[in-house]
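Close look at the chain arrangement
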Amino acid sequence: MVTVETAFALISLAVVGSFAIAVAGALFVLGACQVTANEVARQEAREDQVAVARAKQDAPRGAIVVTRREAEAVVTEVQVSAALGPLSWPLSAQATVLVERP
């Protein structure tokens, strides 16, 4: 009986460990989305289109970067779908920066 219980315990640990690794990966992607949103919004507020293009290249693979202007601010949202096998969940990050005036 000890062998069967040990096998179930090891399988449970493997499942929990896999889930923890997936969550850590999703948090890493979310952090990358936030950094990209901040950088794109800041460069868009400066109206530096070359830097905006470079910043968009730093987005995670498959991310959608949407930028809009609201009054005196630039709002950038980065959306990506984090996947673990057949499961996926949407992640998004948003940054708002005031428009810079020379």
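The structure reproduced in this document is the subject of the present report.

Definitions and cut-offs
- Residues numbered from 1 in each chain as written.
- Predicted model: local features only at pLDDT ≥ 70, side-chain atom pairs only at ≥ 80, totals over all residues.
- Heavy atoms only, no water.
- Helix = DSSP H or I, 4+ residues; strand = E, 2+ residues; numbered from the N terminus.
- Rg over C-alpha atoms; globule rule 2.2 N^0.38 Å.
- Buried < 20%, exposed > 50% of the residue type's maximum accessible area, 1.4 Å probe, protein only.
- Contact = heavy atoms within 4.5 Å.
- Areas by Shrake-Rupley, 256 points an atom, 1.4 Å probe, with all protein chains shown as cover.
- Lys, Arg positive; Asp, Glu negative; His and termini not counted.
- Charge placed at Lys NZ, Arg CZ, Asp CG, Glu CD.
- Pairing = 2+ DSSP bridges.
- Axes fitted to C-alpha atoms, helices over the stretch in contact; angles between N-to-C directions.
- Expected span 1.5 Å × (residues − 1).

**Some points on the overall build of the protein chain**
Of regular secondary structure, the protein chain possesses two helices and three strands. Against the 2.2 N^0.38 benchmark of 13 Å for 102 residues, the protein chain shows a C-alpha radius of gyration of 20 Å, more extended than a compact globule. Based on the C-alpha atoms only, the size of the protein chain along its principal axes is roughly 75 × 20 × 20 Å. Relative to its 102 residues, the protein chain shows a buried fraction of 26%. Nonlocal contacts in the protein chain, meaning residues at least 24 apart in sequence, comprise 46% of its contacts between residues at least 6 apart. When the accessible surface of the protein chain is split by element, carbon and sulfur atoms take 64% of a total near 7,000 Å². For the protein chain, the separation between the mean place of its 8 positive charges and that of its 10 negative charges on side chains is 5 Å.

**Observations concerning the sheet that holds strand β1 (residues 64-70)**
Reading across the sheet, the three strands line up as β1-β2-β3 and stay open at both edges, with antiparallel pairing between neighbours. The open sheet has two edge strands with one neighbour each: β1 and β3 (87-98). Neighbour-to-neighbour, the strand axes of this sheet turn through a mean angle of 20°, independent of strand direction. Bridging between strand β2 (residues 73-84) and β3 involves twelve bridges; their strand directions are antiparallel. By the bridge assignment, S81 is partnered in β3 with P90. The strands touched by helix α1 (residues 2-45) are β1, β2 and β3; relative to β3, the strand with the most contacts, the crossing angle is about 30°.

**Points about α1**
Because an α-helix packs 3.6 residues into every turn, residues spaced three or four apart end up facing the same way. Between its terminal C-alpha atoms α1 stretches 64 Å, which fits the 64 Å expected from 44 residues at 1.5 Å a residue. Among the residues of α1, those classed as buried are A22, A26, C33, T36, A37, V40, A41, Q43, E44 and A45. Packed against the buried residues of α1 are α2 (49-57), β1, β2 and β3. In the stretch just after α1, E47 is the one whose phi turns positive, near 60°.

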